[in-house]
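# Structural description and commentary
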Amino acid sequence: MLHSIMDDPQDRSAEAYCQHCKAELWGGGAEPDYEGKTLCSQCREDIADTEHRKEMITAVLEAVDQENKKYLSDDVCTVIWNRLVAKFGI
């Protein structure tokens, strides 16, 4: 779409808004991703980092749980697992 020289972009509304932070999105950034979410680039990176962190924490906790099972009873392992999960919020 062509705009005249006198066209003020502030007179137009944004093409879309970030579903997370409500920032205005224009052009290619206004299109939903493969999950159907419309996010700004910063929120998309933050969410991806959060998901990656959760995967890493879960992998570490599972390794700790396997090691604990070698030396501790199932009841003690369950208590430790539940407290770690609550602490890390996964």
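The structure presented is a predicted model; accordingly, all values stated were derived computationally and were not measured.

## Re the nonpolar core
Of all hydrophobic cores here, the largest spans seven residues; its members are Ala 16, Cys 18, Leu 25, Ala 30, Leu 39, Cys 40 and Cys 43. Other than its neighbours up to four places away in sequence, Cys 40 contacts Cys 18, Cys 21 and Leu 25.

## Comments concerning the confidence of the model for the protein
The pLDDT averaged across the protein works out to 84; a share of 87% of its residues lies at or above 70. Mean pLDDT in the protein bottoms out at strand S2 (residues 24-25), which sits at 84, and peaks at helix H2 (residues 74-88), which reaches 92.

## Focus on H2
The terminal C-alpha atoms of H2 lie 21 Å apart, and with 15 residues this matches the ideal 21 Å at 1.5 Å per residue to within 8%. Just past H2, the residue Gly 89 takes up positive phi, approximately 65 degrees.

## Things to note about the environment of His 20
Mapping His 20 onto the fold places it in the loop between strand S1 (16-17) and S2. Residues His 20 and Cys 43, 23 residues apart in the sequence, show an inter-C-alpha distance of 6.8 Å. When sequence neighbours within four positions are dropped, the list of residues in contact with His 20 reads Leu 39, Cys 43 and Ile 47.

## Side note on the pattern of salt bridges
Evaluation of the coordinates by the stated rule reveals two salt bridges. Note that Lys 69 and Asp 65 form a salt bridge whose closest N and O atoms lie 3.5 Å from each other. Of the two residues, Lys 69 and Asp 65 both sit in helix H1 (residues 41-71), four residues apart, roughly one turn of that helix. Judged by relative accessible area, Lys 69 falls into the partly exposed class, the value being 42%. Given the relative accessible area of 14%, Asp 65 is considered buried.

The rules we used
Residues numbered from 1 in each chain as written. Predicted model: local features only at pLDDT ≥ 70, side-chain atom pairs only at ≥ 80, totals over all residues. Heavy atoms only, no water. Core = buried A, V, L, I, M, F, W, Y, C linked by side-chain atoms within 4.5 Å. Buried < 20%, exposed > 50% of the residue type's maximum accessible area, 1.4 Å probe, protein only. Contact = heavy atoms within 4.5 Å. pLDDT = per-residue confidence, 0-100. Helix = DSSP H or I, 4+ residues; strand = E, 2+ residues; numbered from the N terminus. Expected span 1.5 Å × (residues − 1). Salt bridge = Lys/Arg side-chain N within 4 Å of Asp/Glu carboxyl O.

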